[in-house]
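Summary of structural features
Here is what each chain is made of, one letter per residue.
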Amino acid sequence: MKLLQAAFWWATLIITLVIIDDILFGPVFWSLTLVSQSIATLAAFVVSLALQLWLISQAVRQSPHPFARWFLSRLMIERSNKELKRRENSIKKSVTSIGAAFFATLLVGGVIASLQLNKYLQVSVRAKWAVFAMLSAAYSVEFALIHGGWGIGKVLKAVVDTMLP
């Protein structure tokens, strides 16, 4: 029973994280998919990568831009449900190496994984930014495939195509 309970809460956390992405950005790229799957995928990748790198650069500053603070507060949201909070914190705490950060990126995105990893990386600023760019790019690929023309967007396009004469 404990295994089923744990599986339920992990699935709920992952669904919650995907829904947060969907609410913020999904509709823009889904709509673009109706015009072109390739353009939607490319736009989702470019926008995701640029936004992540900008947010990371803002988060490591003493005084981030107010718009960046707003986005970061949405990403670093404290879950009110103790089970979700515990699991999300366990993912964050596991980010102590580049390898762990890569896998965490696929669940929580490049910004959160990069900021967690920033606490542990004892390398030059240039090397840190290379890692942050790699993590952001990895998540951008995932984001583009899911929200661009090959995941939810592709399903939406198929639905709309069947509705049109």
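Described below are features of the structure shown in this document.

Conventions and cut-offs
Residues numbered from 1 in each chain as written. Predicted model: local features only at pLDDT ≥ 70, side-chain atom pairs only at ≥ 80, totals over all residues. Heavy atoms only, no water. Axes fitted to C-alpha atoms, helices over the stretch in contact; angles between N-to-C directions. Helix = DSSP H or I, 4+ residues; strand = E, 2+ residues; numbered from the N terminus. Parallel < 35°, antiparallel > 145°, perpendicular 65-115°, else oblique. Left-handed = near helix turned anticlockwise from the far one by under 90°. Contact = heavy atoms within 4.5 Å. Nonpolar A, V, L, I, M, F, W, Y, C, P; charged D, E, K, R; others polar. Buried < 20%, exposed > 50% of the residue type's maximum accessible area, 1.4 Å probe, protein only. Arc of directions from axis to C-beta. Core = buried A, V, L, I, M, F, W, Y, C linked by side-chain atoms within 4.5 Å.

**Notes on the packing of helix α2 (residues 26-35) against helix α9 (residues 152-163)**
Running from N to C, α2 and α9 cross one another at 50 degrees; their axes reach a closest spacing of 8 Å. Our classification of the angle between α2 and α9 gives oblique. Remark: the crossing between α2 and α9 carries right-handed chirality. Contact with α2, carried on its side by W30, T33 and L34, involves I152, G153, K154, L156, K157 and V160 of α9 and no other residues of that element. Across the contact of α2 with α9, the residue classes break down as five nonpolar, two polar and two charged.

**Quick notes on α2**
Among the residues of α2, G26, F29, W30 and T33 are the ones counted as buried. Relative to the axis of α2, the buried residues are bounded by an arc of 105 degrees and lie together on one face. Turned more than 90 degrees off the buried face of α2, the exposed positions are V28 and V35.

**Let's talk about the nonpolar core**
Counting residues in hydrophobic clusters, the biggest one holds 24 residues, and the most contacted among them are L55, A104, V108, V111 and L117. Counting residues per element, the ones that place at least two in this core are α1 (2-24), α3 (37-59), α4 (66-75), α5 (82-94), α6 (98-108), α7 (110-118) and α8 (125-147). For this core, the element with the highest residue contribution is α7, accounting for five residues. Beyond its immediate stretch of four places on either side in the chain, A104 contacts I91, V95, G109 and A113. Grouped together as the second largest cluster of nonpolar side chains are five residues, F29, A44, F143 and A144 included.

**Overview of the environment of I112**
Its place among the elements puts I112 in helix α7. On a C-alpha basis, the gap between I112 and L72 in space is 8.9 Å, while along the polypeptide they are 40 residues apart.

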